[in-house]
Amino acid sequence: MVRTAVNEGVLVATIDNPPVNALSADVRRGLVEALRNAAADPQVSALVITSSGKTFIAGADISEFGKPPQSPTFPELIQALEESPKPVVAAINGAALGGGLEVALACHARVAAPGAKLGLPEVKLGLIPGAGGTQRLPRLIGAATAFRMMRDGEPVGAAAARDLGIVDIVADSDLLVTASMHAREMARNGSRPAARDRRDRITEEDRAAFEALVKETARQMKEMPNVAALVETVRAVFDRAFDDGVALEREHFLRLIEDDRSKALRYVFFAERETSRVPGLSKDTQARPLRRAAVVGAGTMGGGIAICFANAGIPVTLIETSEEALARGIARIEQTYDASVRRGTLSPEEKQRRLGLIAGRAGLEAAADADIVVEAVFEDMAVKTSIFGDLDRITAPGAILATNTSYLDVNEIAAATRRPEDVIGLHFFSPANVMRLLEVVRAERTSSEVVATALSLGRALGKIPVVVGVCFGFVGNRMLSKRTVAAERLLTAGALPHEVDAAVTDFGFRMGPFAMADLAGLDIGWRTRKSLGQKAPVADALCEANRLGQKAGKGYYVYPEGARSGERDPEVERLIEKVSSELGIKRRSFTPDEIVERLLYPMVNEGARILDEGIAARTGDIDVIWLNGYGWPAWRGGPMYWADQVGLAKIADRLEAFAAETGDDSLRPAPLLRRLADEGRTFASLGGER
Ligand code: 3HC
């Protein structure tokens, strides 16, 4: 786990704990032993700590959290580093994150490779740094800057870290040689500076800047206990002695490890990584090279997808039927990039470079040289099958043909070609250039190689790709449709849109279903319902009254000129009451808890069916979809994880009651949910079994 070698008086300890050099108990032991040996060896004047592989240290081993601590503990290691009688230099060869950066901060100097990244991302796991980071980093770079880094959890590059004062040297040539030379020089000078002794960066001015940032963070502090704890521990830098600050940090850290929100976020960390393990796909399945892409359809979705390719450096041809439609599409893409330039997140040069990667063409023939084509035209099977038939003829053998359909049968689309093994669904979420979720729809005959290519493409586009099977609406929209039906039912039963939305935002979503519907436009759902012969009395009545959502200035809410969000509208409330009375329903009130149950339990039920049918491989995949595509609050871990915390027996019983009350049999607990509930089990207990 830790190899050591002495070279001209410097003991180099190299951590070797693949895949990311997490600081497991063995690594901690190895480092403490190296420190002890160095102290005892008269031939050794200084130490260098580095790692093999591309990561320096990814932090504490997250999988050890919640297990009994093993000696040496993290704080014991940190103390041993700082108190080493011989100077210790961290040679940061790659990412130094969380506890990894804290190890480096406890060393007496830091030398980084130019490509290294340094950060304290614990906040994203519902934690705070727990090995002195909250006390050492502010002493090195000031409390305000350190707080911002820890609050956002975003790493900085080596050069920025040097400018801030985290890193002493960026090694332009050999990292180990530079670090060893620095270590020897420190030994010669008797220099062993410790971050804990620094006071110079902590000033009155810095305190004011820090408090201003705290004000900005009020909402996060209210939502997340770890953010409030972070504020308190960083504030201790001004008011308390170093050791007291560290003790306070430790106290919070140990408490937060046990917090349900942190447990959920740690679950999410692993669930997101597990999505890449796809049944039937081995690590050796080769992805095809994708040099050129084409996107058919230059609407909002097609344009967003083209931006994704350009942002990833892949040249893309955007295809439309007419020059006019093309011009509109390209203009929309330019507007999107212009907005980024205005926000300062994109330079004008970079905008030009990316626009240069997007070529607009009229006519499908322009897809001839693409290695992958993504079709993003409107949801009409006849149109799609005709396009796929043409693409099959136009594109070279081996080119992947993908559809961005959100509902339609990918098997049927694939059957329109002579290469169903090359056909796949790539379901992007709007806005496609922003949302991280990508549902990769594996049809019956899609080849493993094409699935592997879609996964590697998804990652290259900065997405979280999740493989799902073919069914109406796949995983995300299929579950969402259950919530939509439940939301409409709540309105006719007695709730009002703002009450439903408030219950959902209090649960942790950024937006409630009705505000969301207004934003997306009510006509899309209306059209789908009509084509399926379905009815939603309130939504239909709103559409008939031309209340199509925000774009019409009114939907479930009214949007006066200049208003940032919708306002209650008595007209809508009268309309809802009228619908209830026409349906002969006696309206009653609902508590927020009841609203949440009625909206979300049917979704969990559908998730159970999705699992049973093998449309999703694991509960974690369903959770990742909801977290990244539909705004499920991450600290609640996703719908299936949440259901386990609520208790499946409770959910099944409530669903039985809802079914009896409404006469809607689809609300009856799915067989899998019923079975797990009866056996007192959780979805998590399924593991790979089904
Ligand atoms: N502990 C345990 N396992 C870890 C880990 C960690 N800190 N970090 C990564 N892993 C595992 C992943 O689960 C994954 O396992 P798998 O192959 O079995 O799925 C494997 O390492 C590779 O990880 P990625 O797929 O994420 O690899 P990338 O190359 O894309 O990214 C990384 C590497 C940037 C280091 C990324 O893994 C990462 O951000 N890791 C987490 C960093 C973090 O949050 N550190 C803070 C931990 S808490 C802490 O340190 C507390 C301290 O203050 C006391």
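Residues numbered from 1 in each chain as written. Predicted model: local features only at pLDDT ≥ 70, side-chain atom pairs only at ≥ 80, totals over all residues. Heavy atoms only, no water.

An unreviewed UniProt entry lists the protein under the name Short chain enoyl-CoA hydratase /3-hydroxyacyl-CoA dehydrogenase, with Microvirga subterranea given as the organism. As recorded by UniProt, the Catalytic activity (unreviewed entry) comment attached to the protein reads in full: "a (3S)-3-hydroxyacyl-CoA + NAD(+) = a 3-oxoacyl-CoA + NADH + H(+)". Recorded under Subcellular location (unreviewed entry), the UniProt text for the protein is reproduced unchanged: "Peroxisome". (UniProt positions renumbered as here; feature names shortened; annotations may be inferred.)

Enquirer: Sorry, what's going on with the overall build of the protein here?
Expert: Looking only at helices and strands, the protein has 29 helices and 18 strands in total. For the protein, whose C-alpha radius of gyration is 28 Å, the value lies close to the compact-globule estimate of 26 Å for 690 residues. The buried share of the protein, reckoned over its 690 residues, is 53%. A fraction of 72% describes how many contacts in the protein between residues 6 or more apart in sequence connect residues 24 or more apart. (Helix = DSSP H or I, 4+ residues; strand = E, 2+ residues; numbered from the N terminus. Rg over C-alpha atoms; globule rule 2.2 N^0.38 Å. Buried < 20%, exposed > 50% of the residue type's maximum accessible area, 1.4 Å probe, protein only. Contact = heavy atoms within 4.5 Å.)

Enquirer: How should I be thinking about the site of the ligand in this particular structure?
Expert: Lining the immediate surroundings of the ligand are 24 residues, of which Ala60, Gly99, Glu102, Glu122 and Arg273 lie closest. In this structure, an oxygen atom belonging to the ligand sits 3.3 Å away from a side-chain N or O atom of Lys54. Separating an oxygen atom of the ligand from a side-chain N or O atom of Glu102 is a distance of 2.7 Å. Protein contacts shield 74% of the accessible area of the ligand, which totals 1000 Å² for the unbound molecule. Of all the secondary-structure elements, those providing two or more residues to the shell around the ligand are helix H3 (99-106) and helix H12 (260-274). (Near = heavy atom within 4 Å. Polar contact = N/O pair within 3.5 Å; in protein donor to acceptor, adjacent residues only side chain to side chain. Areas by Shrake-Rupley, 256 points an atom, 1.4 Å probe, with all protein chains shown as cover.)

Enquirer: Would you take a moment to explain the pairing of strand E15 (residues 400-403) for this structure?
Expert: Looking down a regular strand, the side chains alternate between one sheet face and the other. Side-chain alternation along E15 places Ile400 and Ala402 on one buried face and Leu401 and Thr403 on a second face that is also buried. In this structure, strand E14 (residues 372-375) lies alongside E15, joined through four bridges in parallel fashion. Bridge pairing in E15 places Ile372 opposite Ile400. Regarding topology, helix H16 (residues 381-394) serves as the crossover connection from E14 to the parallel E15, and that connection is right-handed. Summarising the sheet, E15 and strand E16 (residues 423-428) pair through three bridges and their orientation is parallel. Its bridge partner being in E16, Ala402 is matched across the sheet by Ile424. (Pairing = 2+ DSSP bridges. Right-handed = clockwise from strand over helix to strand, strands pointing away.)

Enquirer: Would you explain the nonpolar core in this entry?
Expert: Grouped burial of nonpolar side chains is what soluble globular proteins tend to show. If you look at the biggest cluster of nonpolar residues, it comprises 96 residues, and the most contacted ones within it are Val475, Tyr556, Leu599, Trp632, Leu673 and Phe683. Counting contributing residues, this core receives three or more from each of domain 2 (293-468) and domain 3 (496-582). If we skip the residues at most four places from it in the chain, Tyr556 touches Glu488, Leu491, Pro497, Phe514, Ala517, Asp518, Leu522, Val538, Ala539, Leu542 and Val572. Ranked by size, the runner-up nonpolar core spans 68 residues in total, among them Val88, Ala104, Leu127 and Ala144. (Core = buried A, V, L, I, M, F, W, Y, C linked by side-chain atoms within 4.5 Å. Domains from an automatic or database assignment.)

Enquirer: Where do I start with the sheet that holds strand E4 (residues 55-57) in this structure?
Expert: The strands that make up a sheet are held in pairs by hydrogen bonds between backbone atoms, and each pair lies either parallel or antiparallel. Within the open sheet, the four strands sit side by side as E4-E6-E8-E9. Their pairing is mixed. Among the strands making up the open sheet, the edge pair consists of E4 and strand E9 (156-157). Sheet contacts for H3: E4, strand E6 (95-97) and strand E8 (117-119); angle to E6, the most-contacted strand, approximately 90 degrees. (Axes fitted to C-alpha atoms, helices over the stretch in contact; angles between N-to-C directions.)

Enquirer: Looking at this structure, how should I read helix H21 (residues 513-520)?
Expert: Since one α-helical turn is 3.6 residues long, residues separated by three or four positions face the same way. Every buried residue of H21 is accounted for by Pro513, Phe514, Ala515 and Asp518. Buried residues in H21 make contact with helix H19 (476-493), helix H20 (497-507), helix H22 (522-532) and helix H25 (592-612). Once H21 finishes, Gly521 follows within two positions and takes phi at roughly 100 degrees, a positive value.

Enquirer: Looking at this structure, I do not really get the pattern of salt bridges. What am I missing?
Expert: Note that side chains of opposite charge can pair when their charged atoms are close. As enumerated under the stated definition, the model contains 54 salt bridges in all. Between Arg235 and Glu211 there is a salt bridge whose closest N-O contact spans 2.9 Å. Taken together, the residues span a long stretch of sequence, with Arg235 in helix H10 (residues 225-239) and Glu211 in helix H8 (residues 204-216) at a distance of 24 residues. Judged by relative accessible area, Arg235 falls into the partly exposed class, the value being 27%. For Arg527, the salt bridge goes to Asp523, with nearest N and O atoms at 3.9 Å. Placement of both Arg527 and Asp523 in helix H22 is noted, with a separation of four residues, approximately one turn of the helix. Take Asp523: its relative accessible area is 15%, and that puts it in the buried class. Among the ionic contacts, a cluster of salt bridges with common partners joins Asp653, Glu656, Asp665, Arg668, Arg674 and Asp678. (Salt bridge = Lys/Arg side-chain N within 4 Å of Asp/Glu carboxyl O.)

Enquirer: Can you walk me through the packing of H20 against H21 in this structure?
Expert: The axes of two packed helices give the description: the angle between them and the distance between them. Direction vectors running N to C along H20 and H21 enclose 105 degrees, while the axes themselves pass 7 Å from each other. With respect to each other, H20 and H21 are oriented roughly perpendicular. Between H20 and H21, the contacting residues are Pro497, Val500, Asp501 and Val504 on the first element and Pro513, Phe514 and Ala515 on the second. (Parallel < 35°, antiparallel > 145°, perpendicular 65-115°, else oblique.)

Enquirer: Would you take a moment to explain the pairing of strand E7 (residues 109-112) for this structure?
Expert: Burial along E7 is two-sided: the residues Ala109 and Val111 and Arg110 and Ala112 are all buried. Here strand E5 (residues 88-92) pairs with E7 via four bridges, running parallel. Looking at the pairing, Val89 lines up with Ala109 of E7.

Enquirer: Looking at this structure, how should I read the UniProt feature "domain: 3-hydroxyacyl-CoA dehydrogenase NAD binding" (unreviewed entry) in the protein?
Expert: Cross-referencing UniProt, the feature "domain: 3-hydroxyacyl-CoA dehydrogenase NAD binding" (unreviewed entry) maps to residues 293-469 in the present numbering. In the segment residues 293-469, helix accounts for 42% and strand for 21%; the C-alpha atoms at its two ends are 24 Å apart.

Enquirer: Looking at this structure, I do not really get the sheet that holds E16. What am I missing?
Expert: The eight strands are arranged E13-E12-E11-E14-E15-E16-E17-E18 in an open sheet whose pairing can be described as mixed. Strand pairing shows two members of the sheet lacking a second neighbour, strand E13 (358-362) and strand E18 (464-468), which therefore form its edges. When the angles between neighbouring strand axes are averaged without regard to direction, this sheet yields 25 degrees. Across the face of the sheet, H16 comes into contact with strand E11 (293-296), E14, E15 and E16 while running at roughly 170 degrees to E15.

Enquirer: Please explain unusual backbone geometry as it appears in this structure.
Expert: Trans is the common state for peptide bonds, and a negative phi is the common state for residues other than glycine. In this chain, Ser71 is followed by Pro72 through a cis amide linkage whose omega measures -10 degrees. Considering the arrangement of structural elements, one finds Pro72 in the loop between E4 and helix H2 (74-82). In this model, Ser430 is joined to Pro431 through a cis peptide bond whose omega is -5 degrees. Counting through the fold element by element, Pro431 comes out in the loop between E16 and strand E17 (437-441). Unusually for a residue other than glycine, Glu8 sits at a positive phi of about 45 degrees.

Enquirer: Honestly, the domain arrangement of the protein in this entry has me stumped. Any pointers?
Expert: Where interface size is quoted, it is often the accessible area lost as the parts come together. With domains assigned, the protein is organised as domain 1 (2-258), domain 2 (293-468) and domain 3 (496-582). Summarising the inter-unit geometry, the C-alpha centres of domain 2 and domain 3 are found 31 Å apart.

Enquirer: Is there a simple way to explain the packing of aromatic side chains in this structure?
Expert: The geometry of an aromatic ring pair comes down to the distance between the two centres and the angle between the two planes. One pass over the full model with this rule turns up 16 aromatic pairs. Taken together, a centroid distance of 4.4 Å and an interplanar angle of 45 degrees make the contact between Phe514 and Tyr556 tilted. Separated by 42 residues along the polypeptide, Phe514 in helix H21 and Tyr556 in the loop between helix H23 (537-544) and helix H24 (570-582) bring together distant segments of the chain. The pair Phe514 / Tyr556 is uniform in exposure class, with both members buried. (Phe/Tyr/Trp six-rings, centres within 6.5 Å; stacked < 30°, edge-to-face > 60°.)

Enquirer: For this particular structure, what's the right way to read the side chain of Thr405?
Expert: Counting through the fold element by element, Thr405 comes out in the loop between E15 and helix H17 (410-414). From its side chain, Thr405 meets the backbone nitrogen of Tyr407 in a polar contact 3.3 Å long. Excluding anything up to four places from it in sequence, Thr405 contacts Glu379, Lys384, Val410, Ile413, His427 and Phe474.

Enquirer: How do you make sense of the UniProt feature "domain: 3-hydroxyacyl-CoA dehydrogenase C-terminal" (unreviewed entry) in the protein when you look at a structure like this?
Expert: The residues that UniProt annotates with the feature "domain: 3-hydroxyacyl-CoA dehydrogenase C-terminal" (unreviewed entry) are residues 473-559 and 595-681. Between the C-alpha atoms that bound residues 473-559 the distance is 30 Å, and the span itself is 64% helix and 0% strand. Note that residues 595-681 is 69% helix and 0% strand, and that its end C-alpha atoms are spaced 25 Å apart.

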